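Residue strings, one per chain:
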Amino acid sequence: MNVNRFKELIEICEKTGEPLDKVVLHWEMLDTGLSPEKVLSKTRFLFKVMEESYEKNKGKTLKTLVGLTGDNAKKMMEYIPFAFSGEKVFQAATIAVTIAESNASMKKIVACPTGGASGVVPGVLLTLKKYGVEEEKLVSALVVAGAIGKIISIHASLSGAQHGCQAEIGSGTAMAAGAAVHAMGGSPKQVSDAAALSLKSLMGLVCDPVGGFVEVPCVKRNAAGATLALLFADMAMAGVQSVVPLDEVIDAMDKVGRMLPESLRETGKGGVAATPTAKSIIDAFSKKFKMET
Amino acid sequence: MPSILEIIGPAMIGPSSSHTLGAMRISKFAYNLNDGVPDEVVFYLHGSFQDTYIGHGTWLALLGGICGLKTDDPQVARADEVAKKIGLKYEYKAVDLGNVHPNTVKIVTEKSGVRHEIIGSSIGAGRIKIISIDSIECDLDGEYPTLIVENQDVPGALESIINVLSFYGVNIATMQLKRESKYLHKASAMIELDSTISKEILERIRNMDVVNSALYVNAIVEE
Ligand code: SF4
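Per-chain numbering applies: the sequence of each chain, read as written, is numbered from 1 onward. Whichever chain is written first is A, and whichever ligand is written first is 1; the rest continue in order. Local features in this predicted model are restricted to residues whose pLDDT is 70 or higher, and side-chain atom pairs enter the listing and the counts only when it is 80 or higher, whereas totals over whole chains, interfaces and linings include all residues. Just so you know, side-chain values use all the structure's heavy atoms and leave hydrogens and water out.

Colleague: Could you clarify how one ought to interpret the site of the ligand in this entry?
Modeller: All residues in the neighbourhood of the ligand are listed as Gly116(A), Gly160(A), Cys165(A), Glu168(A), Cys207(A), Asp208(A), Cys218(A) and Arg221(A). Ten residue types, Ala, Val, Leu, Ile, Met, Phe, Trp, Tyr, Cys and Pro, are classed as nonpolar, four, Asp, Glu, Lys and Arg, as charged, and the remainder, Gly among them, as polar. Residue composition of the shell around the ligand, by class: 3 nonpolar, 2 polar and 3 charged. Any residue with a heavy atom lying within 4 Å of a molecule or strand is counted as near it.

Written out as structure tokens, the structure reads:
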């Protein structure tokens, strides 16, 4: 079984009647030799760490390495009851920012799929948990997220330095949206639609961290990712389909990534990183911490 | 193909898998080579490691690794305090190591008078490549327990080393060989193993006539 496309996973599900997470676990076993029980228990562990990073750091003012962010999650948490966009959406964004700020403060997080985009998936999954979805369902949703990310990593990339932020926040959003659909009881096809809608919306997003550090715009993009993921999960559940299937969207994203100039791939030389404000912040920062030879 | 566990993980200390986690793993390799925390360490930072030293916490990651902390231990963020408590002397210097990966560090350690030097690169997604150990070129990812042998370049030398390993039931995963000096009849072998070896086996190898010196580094990957 030489599976490496999402449509193949859907076909296997349809032929066998097995749920997507089971099929993914079998694929994983044939591919890496790890038993389904082992993968599931490690996935459960990662889910616990996600929960732990949120619970430990929520509502706190964090001291990030460069100090460009750190109290945004706290502000958002206090505002949840007033959010016009809705409590659930704003909750997801708040969790995403909490974890992203924790990442920027050298706290323990799960690099799902990367440190910079580590808030998106937990933002969605932990919100689902808060609103009553069972933990085991969410662990299996995380397995599904892994399959989406794996297929992206095979045919494109999960690295901002290689393919821009579409590969980090974009992939994280696709993974979270697909996971949410799975947790909500959607079909494998709906999972792929939600992931495809996400990647299409973030197609071409550049990687432009100020000074090259994972703070601005990274932290707040995690809020965007979690919010969009919930939106596209709902749209897929409503029956909205992606005209272009997920596998082709991934190939398109790969091509766009290859066209991105180096200045827009984590070098801190383009996009918002190249603005006058960003430059003056970084000048001041590097003056303070000049290395000796 | 990667495992989905590498996609949805690992659990780590932020912020960056290449500038924090990868740096820490290189340093953990040096810790394992020393079989413990050294007395002194100097980190020579090359390329972008010089820029990410504070902003990505690379300095703390390196320090956490050499102190033997696990890669997801929250203490990494306070590795300077940990080092102080242990009494480790440490220093950072900028260096130009030439044509190597931008995220590269040279780590020079001293423990009970024994000096070691490794050069490693963080090549993305937390993966590392050790390119030199005590000036012997290599290409190791730290995933296997590794035996580094400098042996005499005479017929049958390598075979007899392998025989000792198989006598103890140790399986070899991969092997990299290098002729150090044809003139001095010196060669080196980096032998990646499927399982760890005991001090006894290591001593036995060190005492072989054809072996000039042998080092052992445990795998850096944690369960
Ligand atoms: S801007 Fe770059 S560093 Fe920041 S989250 Fe996006 S890909 Fe990662």
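Colleague: How should I be thinking about the domain arrangement of chain B in this particular structure?
Modeller: Where the parts come together, the accessible area they lose is often given as the size of the interface. Residues and elements named next belong to chain B. For the domains described, the bounds stem from an automatic or database domain assignment. Taken domain by domain, chain B holds domain 1 (4-140) and domain 2 (146-217). When each unit is reduced to the centre of its C-alpha atoms, the spacing between domain 1 and domain 2 is 26 Å. Throughout, a residue-residue contact means that at least one pair of heavy atoms, one from each residue, lies within 4.5 Å. The interface of domain 1 with domain 2 comprises 12 residues on the first partner and 12 residues on the second. Buried area counts how much accessible surface, traced with a 1.4 Å probe, disappears from two parts once they are put together, with both parts' losses summed. Between domain 1 and domain 2 lies a buried interface of about 980 Å² when both sides are counted; carbon and sulfur atoms form 69% of it. Sorting the residues of domain 1 by area buried against domain 2 places Leu 33, Ile 136 and Leu 140 first, and these three jointly supply 47% of that buried surface. We count a salt bridge whenever a side-chain nitrogen from Lys or Arg sits within 4 Å of a carboxyl oxygen from Asp or Glu. Between the two partners, domain 1 and domain 2, sit 2 salt bridges. Taking the shortest distance from any N to any O, the salt bridge between Glu 137 and Lys 178 comes out at 4.0 Å. Under the scheme used here, helices are H or I runs from DSSP no shorter than 4 residues and strands are E runs no shorter than 2 residues, and both carry numbers assigned from the N terminus. For the side of domain 1 that touches domain 2, the secondary-structure elements that each account for two or more residues are helix H2 (17-33) and strand S7 (136-140). Looking at the side of domain 1 that touches domain 2, the element that brings in the most residues is S7, giving 5 residues. For the side of domain 1 that touches domain 2, the residue count by class is 6 nonpolar, 2 polar and 4 charged.

Colleague: How do you make sense of helix H6 (residues 157-167) of chain B when you look at a structure like this?
Modeller: Count 3.6 residues to each turn of an α-helix, and residues three or four apart come out pointing the same way. Residues and elements named next belong to chain B. Burial classes: relative accessible area under 20% of the type maximum marks a residue as buried, over 50% as exposed, and values in between as partly exposed (1.4 Å probe, protein chains only). Burial in H6 covers these residues: Ala 157, Ile 161, Val 164 and Leu 165. One face of H6 carries all of its buried residues, which in axial projection span an arc of 100°. Along H6, the residues that are exposed and aim more than 90 degrees away from the buried face are Glu 159 and Phe 167. Directly after H6, the chain includes Gly 169, whose backbone phi takes a positive value near 75°. The arc under discussion is defined with respect to the helix axis, by the directions toward the C-beta atoms.

Colleague: Help me understand the interface of chain A and chain B in this model?
Modeller: Each partner contributes to the interface: chain A provides 50 residues, whereas chain B provides 34 residues. Counting each side, the surface lost to burial between chain A and chain B is near 3,100 Å², with a carbon and sulfur contribution of 70%. The partner of Lys108(A) in a salt bridge is Asp72(B), and the shortest N-O contact between them spans 3.5 Å. Here a polar contact means two N or O atoms within 3.5 Å. Within protein one must be a hydrogen donor candidate and the other an acceptor candidate, and residues neighboring in sequence count only if both atoms are side-chain atoms. Applying the counting rule to chain A against chain B returns 9 residue pairs in polar contact (both at pLDDT 80 or more).

Colleague: Explain the packing of aromatic side chains here, please?
Modeller: What describes a pair of aromatic rings is the distance from one ring centre to the other and the angle between the planes of the rings. Working definition: rings of Phe, Tyr and Trp (its six-membered ring) pair if their centres are within 6.5 Å, and the pair is stacked with planes under 30 degrees apart, edge-to-face with planes over 60 apart, and tilted otherwise. Counted according to the given criterion, the structure contains 8 aromatic pairs over all chains. Look at Tyr79(A) and Phe90(A): their rings are 5.7 Å apart centre to centre, the planes differ by 70°, and that puts the pair in the edge-to-face class. On the criterion of sequence distance, the pair formed by Tyr79(A) in helix H4 (residues 72-79) and Phe90(A) in helix H5 (residues 87-104) is long-range, its members being 11 residues apart. Residue Tyr79(A) is classed as partly exposed on the basis of its relative accessible area of 42%. Their ring planes at 90° and their centres at 5.2 Å tell us that Phe167(B) and Tyr168(B) sit as a pair that is edge-to-face. By relative accessible area, Phe167(B) is classed as exposed at 64%.

Colleague: It is not clear to me how the sheet that holds strand S11 (residues 211-217) of chain B should be interpreted in this structure. Could you clarify?
Modeller: Residue and element names in this part refer to chain B. Two strands pair if DSSP finds at least two bridges between them. Spatially, 4 strands are ordered S9-S10-S8-S11 in an open sheet, and the strand pairing comes out antiparallel. The strands lining the two open edges of the sheet, one partner per strand, are strand S9 (172-181) and S11. Shown here is a sheet whose adjacent strand axes are inclined to one another by a mean of 15°, direction ignored. Bridge analysis of S9 against strand S10 (residues 186-193) gives 8 bridges, and the strand direction is antiparallel. In the sheet register, Leu 177 faces S10, and the bridge partner there is Ala 189. Between N-to-C directions, angles cover 0 to 180 degrees, with each direction set by a line fitted to C-alpha atoms, over the stretch in contact for helices.

Colleague: How should I be thinking about a positive patch on the surface in this particular structure?
Modeller: The grouping of Lys60(A), Lys107(A), Arg78(B) and Lys85(B) at the surface amounts to a positive patch. Its place among the elements puts Arg78(B) in the loop between helix H4 (58-66) and helix H5 (79-86). Each patch groups residues whose relative accessible area exceeds 30% and which form no salt bridge, using 9 Å between like charges and 5 Å between nonpolar side chains of Val, Leu, Ile, Met, Phe, Trp and Tyr. Here the accessible surface of atoms and residues is derived via Shrake-Rupley with a 1.4 Å probe, and residues count as covered only by protein chains that are part of the display. We treat Lys and Arg as the positive residues and Asp and Glu as the negative residues; His and chain ends play no part in the count. Think of each charge as sitting on NZ of Lys, CZ of Arg, CG of Asp or CD of Glu.

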